[in-house]
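Spelled out, the chains give:
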Amino acid sequence: MSLDVTSIRKQFPILNREVRPGVKVVYLDSTATSQKPEPVIEAMNDYYRRFNANIHRGVHTLAEEATAAYEQAREKIAKFINAPAAREIIYTRNTTESINLVAYTWARANLKPGDLVILTEMEHHSNLVPWHILAAERGIRLEFIPVTDDGLLDLDAYRLLLSQDPKLVSFTHMSNVLGTITPAQEIIKLAHEAGAITIVDGAQSVPHLKVDVQKLDVDFLAFSAHKMCGPTGIGALYGKANLLEAMPPFMGGGDMIKEVKLRSFRPNSIPAKFEAGTPAIAESVGFGAAVDFLNSIGMENVAAHEHEIIEYALERLEEIPGVKVFGPSADKKGGVASFTFDGVHPHDVAQILDRDGIAVRAGHHCAQPLHEKFGIPATTRASFYLYSTKDEVDALVNGIYNVKKVFG
Ligand code: 7TS
């Protein structure tokens with residue numbers, strides 16, 4: 001093992017939880033949300049206990065401390081993804097809001113009827129529906145990079161789409177169903193050569209891989225704190241400063257203005273322009289603590305550990321007669337294993353696994369078009385993180401054999 005998982009697990013109180021007397025939780029649902037380590041929980045408690053106050057408004061000590069903590073967390077997040085400046089990090093509620101922010105501001109200011117937006121067939125609904133809404137409202141055209149049978153993006157088809165003068169290419173860096181890690185740098189480079197702006201949905205990549213926005217040269221990157229050991233209710237949008245500065249504001253209200261008259265307003269500079277109203281202050285402190293925690297382990301180590309686990313999981317799952325795992329081989333994916341099990345509905349699989357304390361998710365995982373592509377309504381999904389162990393993979397495999405017993 002490349003990580004000291006035993007000592008890492010000790011920092012996650014919930015991993016000791018018994019879901020029923022004598023049945024310890026086996027948490028295999030980190031793609032939906034990760035668990036939270038003690039330092040993150042403590043940082044948020046400390047904020048509420050010692051320096052809870054509204055930010056950017058008061059001159060009193062508590063307000064100054066709260067403001068400093070909110071802005072320090074922004075700096076940590078910027079460094080974590082190697083953003084050139086902290087003001088290029090906009091706090092949002094989550095990945096979904098980050099993508100919607102770009103769709104409501106940049107896209108409404110820049111896209112005309114008939115303009116082409118390229119997405120992929122493996123997108124989460126949060127990178128599909130905002131564009132459907134814009135297509136209905138504005139008449140933009142959507143095209144999709146196809147997914148191959150082995151769960152990769154068809155880059156030849158992408159090159160053909162690029163010849164149709166796209167204005168925007170928005171795609172996931174890691175599929176939450178197939179685990180596929182997409183060749184983001186290449187996709188972005190080709191998009192820029194075609195004159196398009198790029199958005200990367202980093203909901204699954206930022207928590208699990210070293211992501212460097214300057215190396216990627218991406219224009220916008222969206223991600224959520226809750227999938228990277230941080231709290232719910234906060235996420236981030238990275239954007240290149242020149243783009244953010246030129247964009248109209250998203251929501252109107254306090255903090256996002258420089259000056260307000262009865263009949264007009266002047267927007268604030270970035271990032272405040274996009275942060276109307278009292279933000280998630282405690283959560284920003286937790287977000288910063290999550291970044292510190294991941295840095296203390298090292299993202300290369302996190303990725304290496306998950307690679308070891310997914311390799312083992314695929315090997316063990318594929319031994320089970322009737323199990324079909326979707327997506328590419330372990331070398332092309334992160335720690336996600338979505339599977340079907342002959343004749344048993346994914347929800348039944350998940351329910352029987354829950355009897356053994358095994359937490360997996362069943363359904364379309366907010367990627368209905370991708371499931372349709374594979375001709376299935378749903379899958380059962382086991383997903384892994386830095387605290388996952390091979391013993392937990394074994395528990396999953398034993399659990400699936402129990403499912404077999406129940407369903408004959
Ligand atoms: N994009 C991807 C690739 C995701 O996996 C998710 C969440 C989102 C966007 C949206 O993130 P949010 O924080 O705004 O909700 N994925 C999942 C999942 O797979 N199961 O639950 C949430």
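(A) Molecular detail of the pairing of strand β12 (residues 264–267). Bridge count between strand β11 (residues 257–261) and β12: four bridges; the pairing is antiparallel. Paired with Val 260 across the bridge in β12 is Phe 265. What sits between β11 and β12 in their antiparallel hairpin is a turn of two residues.

(B) Structural detail: helix α4 (residues 95–110). For α4, with 16 residues, the first-to-last C-alpha span of 21 Å sits near the 22 Å given by 1.5 Å per residue. Residue Ala 103 marks the point of greatest curvature in α4, where the axis turns by about 25°. Of all 16 residues in α4, twelve are buried; the element is thus mostly enclosed. Among all positions in α4, only Thr 95, Glu 97, Ser 98, Ile 99, Asn 100, Leu 101, Val 102, Ala 103, Thr 105, Trp 106, Ala 107 and Arg 108 are buried. The residue sitting at the N-terminus of α4 and contributing the capping side-chain oxygen is Asn 94; that oxygen lies 3.3 Å from the backbone nitrogen of Thr 96.

(C) Representation of the domain arrangement of the chain in the model. Each domain of the chain was delimited in the assignment, giving domain 1 (5–30 + 298–407) and domain 2 (41–296). Spacing between the C-alpha centres of domain 1 and domain 2 amounts to 28 Å. Contacts between domain 1 and domain 2 engage 31 residues on the former and 35 residues on the latter. Both sides of the domain 1 and domain 2 interface together cover about 2,600 Å² of buried area, and 64% of this is carbon and sulfur. Contact with domain 2 buries area across many residues of domain 1, yet Met 299, Leu 370 and Tyr 385 alone supply 24% of it, more than any other trio.

(D) Geometry of the sheet that holds strand β4 (residues 89–92). Here seven strands make up an open sheet; going across it, the order is β4-β10-β9-β8-β7-β5-β6 and the pairing mixed. Either end of the sheet is taken by a strand with one partner, and the two such strands are β4 and β6 (141–145). On average, each strand axis in the sheet is tilted by 20° relative to the strand beside it, whichever way the strands run. Sheet analysis places strand β7 (residues 166–172) next to strand β8 (residues 197–201), joined by five bridges and oriented parallel. Directly across from Ser 170, in β8, lies its bridge partner Ile 199. Against the sheet, α4 touches β4, β7, β8, β9 (220–224) and β10 (235–239), its axis set at about 150° to β9. Along the sheet, helix α7 (residues 184–193) contacts β7 and β8; its crossing angle with β7, the most-contacted strand, is approximately 175°.

Cut-offs applied
- Residues numbered from 1 in each chain as written.
- Predicted model: local features only at pLDDT ≥ 70, side-chain atom pairs only at ≥ 80, totals over all residues.
- Heavy atoms only, no water.
- Pairing = 2+ DSSP bridges.
- Helix = DSSP H or I, 4+ residues; strand = E, 2+ residues; numbered from the N terminus.
- Expected span 1.5 Å × (residues − 1).
- Bend = angle between axes of the 7 residues up to and from the residue.
- Buried < 20%, exposed > 50% of the residue type's maximum accessible area, 1.4 Å probe, protein only.
- Polar contact = N/O pair within 3.5 Å; in protein donor to acceptor, adjacent residues only side chain to side chain.
- Domains from an automatic or database assignment.
- Contact = heavy atoms within 4.5 Å.
- Buried area = accessible area lost by both parts, 1.4 Å probe.
- Axes fitted to C-alpha atoms, helices over the stretch in contact; angles between N-to-C directions.

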